[in-house]
Amino acid sequence: MEFLNDFITKMDYVGVLMPVMLQGLWMTAKLFIWTLVLSIPLGLVFTLGTIGRIPPIRWICKAYIFVFRGTPLLLQLFFFYFFLPISFNIQLPVFTTAVLTFVLNYAAYLAEIYRGGIQSIERGQYEAAYSLGLSHSRTMFKIIIPQTVSRVLPAVTNEAIILVKDTALVSAIGVAELLKVAKQSVSRDVDTTAFLIAAVMYLVFTFVLTLLSSYLEKKFSKHQQRVQG
């Protein structure tokens, strides 16, 4: 009977926690979505810059990628959080600062993934496109990049899964995402149940991404087979 009473008490406590935990999860999901939506196309822009034919643009893009891949994401968060207000008197909301930092960071990683995918395409496909009179830009967007998508999809999905976990870093600048909410609950109630709930939510988030990745990989694989056939 005592065990049953303890179980009921714990479930009541979980019920009390869930609304605020779901708010934290929503904040995590918003940061995740904004980062992917903005960093995926931005990464492609920097990829095209690094393999482009204009030296200054190529050097700038390579320097950007080097800096953002070579410094910790947490340091970048602190840099934008403190640098913009102190140096330029620009005070952005903390969530906007987090999105800006994450987008710039992940765009750099995605740019390298895209570059590897583009460079894996056989040189003969470029030559065949040029022989048909296609311009360089049409060759890239009509032939090369569509094939690159299926090749880089597993790596991009892996970055998305890492992003789910990296969102916890924004608690350092005061964003009330999932982990920060869990830590506040544990500190307030001296009960680690919130950590367990947060772990389950992260795992469910990652599991959904894994299923979506498998679906997209199969879909693109079938599309490529039809094109090649």
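Analysis parameters
Residues numbered from 1 in each chain as written. Predicted model: local features only at pLDDT ≥ 70, side-chain atom pairs only at ≥ 80, totals over all residues. Heavy atoms only, no water. Patch = residues over 30% accessible without salt bridge, like charges linked within 9 Å, V, L, I, M, F, W, Y side chains within 5 Å. Areas by Shrake-Rupley, 256 points an atom, 1.4 Å probe, with all protein chains shown as cover. Salt bridge = Lys/Arg side-chain N within 4 Å of Asp/Glu carboxyl O. Helix = DSSP H or I, 4+ residues; strand = E, 2+ residues; numbered from the N terminus. Core = buried A, V, L, I, M, F, W, Y, C linked by side-chain atoms within 4.5 Å. Buried < 20%, exposed > 50% of the residue type's maximum accessible area, 1.4 Å probe, protein only. Lys, Arg positive; Asp, Glu negative; His and termini not counted. Contact = heavy atoms within 4.5 Å. Expected span 1.5 Å × (residues − 1). Bend = angle between axes of the 7 residues up to and from the residue. Phe/Tyr/Trp six-rings, centres within 6.5 Å; stacked < 30°, edge-to-face > 60°. Lys NZ or Arg CZ within 6 Å of the ring centre and 35° of its normal.

### A look at a nonpolar patch on the surface
Here is step 1: On the surface, Leu196, Val200, Val204, Phe207, Val208 and Leu211 cluster together into a nonpolar patch covering about 570 Å² of accessible area.
Here is step 2: Mapped onto the secondary structure, Leu211 falls in helix H8 (residues 193-228).

### Considering the nonpolar core
Here is step 1: Among the nonpolar cores identified, the biggest contains 34 residues, and Met21, Leu31, Phe32, Ala98, Phe102, Val170 and Leu209 are the most heavily contacted of them.
Here is step 2: For this core, the secondary-structure elements that each account for two or more residues are helix H1 (2-50), helix H3 (73-88), helix H4 (94-119), helix H6 (136-166), helix H7 (178-189) and H8.
Here is step 3: Residues Cys61, Tyr64, Leu104 and Ala108 belong to the second largest nonpolar core, which totals 11 residues.

### With respect to the pattern of salt bridges
Two side chains of opposite charge can pair, provided their charged atoms sit close to one another.
Here is step 1: Taken as a whole, this structure holds three salt bridges when the rule is applied.
Here is step 2: The residue Arg115 makes a salt bridge to Glu112 at a minimum N-O spacing of 2.9 Å. With Arg115 and Glu112 both in helix H4 and three residues apart, the pair spans about one turn of that helix.
Here is step 3: For Glu112, a relative accessible area of 23% gives the class partly exposed.
Here is step 4: Linking Arg151 and Glu122 is a salt bridge whose minimum nitrogen-to-oxygen distance equals 3.7 Å.

### Description of the side chain of Glu159
Here is step 1: Secondary-structure assignment places Glu159 in helix H6.
Here is step 2: Here Glu159 occupies a buried position and makes no salt bridge, while the nearest side chain of opposite charge, Arg69, is found at 7.9 Å.
Here is step 3: With near-sequence residues (within four places) excluded, Glu159 lies in contact with Tyr106, Tyr109, Leu110 and Ile113.

### What about H6?
Note that an α-helix has 3.6 residues per turn; residues three or four places apart therefore point the same way.
Here is step 1: With 31 residues, H6 should reach 45 Å at 1.5 Å per residue; the first-to-last C-alpha distance of 37 Å falls well below that figure.
Here is step 2: The sharpest bend along H6 comes to roughly 50 degrees, located at Val152, with the proline Pro154 sitting one to four residues further on.

### A closer look at the packing of aromatic side chains
Here is step 1: Here the structure, examined in full by the defined rule, presents nine aromatic pairs.
Here is step 2: Ring centres of Phe32 and Phe205 lie 5.1 Å apart, and the angle between their planes is 65 degrees; on these two criteria the pair is classed as edge-to-face. Residue Phe32 is located in helix H1, and its partner Phe205 is located in helix H8; the two are separated by 173 residues in the primary sequence. Like Phe32, the residue Phe205 is buried in the burial classification.
Here is step 3: Where Phe102 meets Tyr106, the ring centres are 6.3 Å apart and the plane angle is 10 degrees; that geometry is what we call stacked. One end of the pair, Phe102, and the other, Tyr106, are both in helix H4, four residues apart, so they sit about a helical turn from each other. The burial state of Phe102 is the same as that of Tyr106; both residues are buried.
Here is step 4: An aromatic cluster of three or more residues is present, and its members are Phe79, Phe80, Phe83 and Phe88.
Here is step 5: A cation over an aromatic ring shows up here: Lys30 above the ring of Phe95, its NZ or CZ 5.2 Å from the ring centre.

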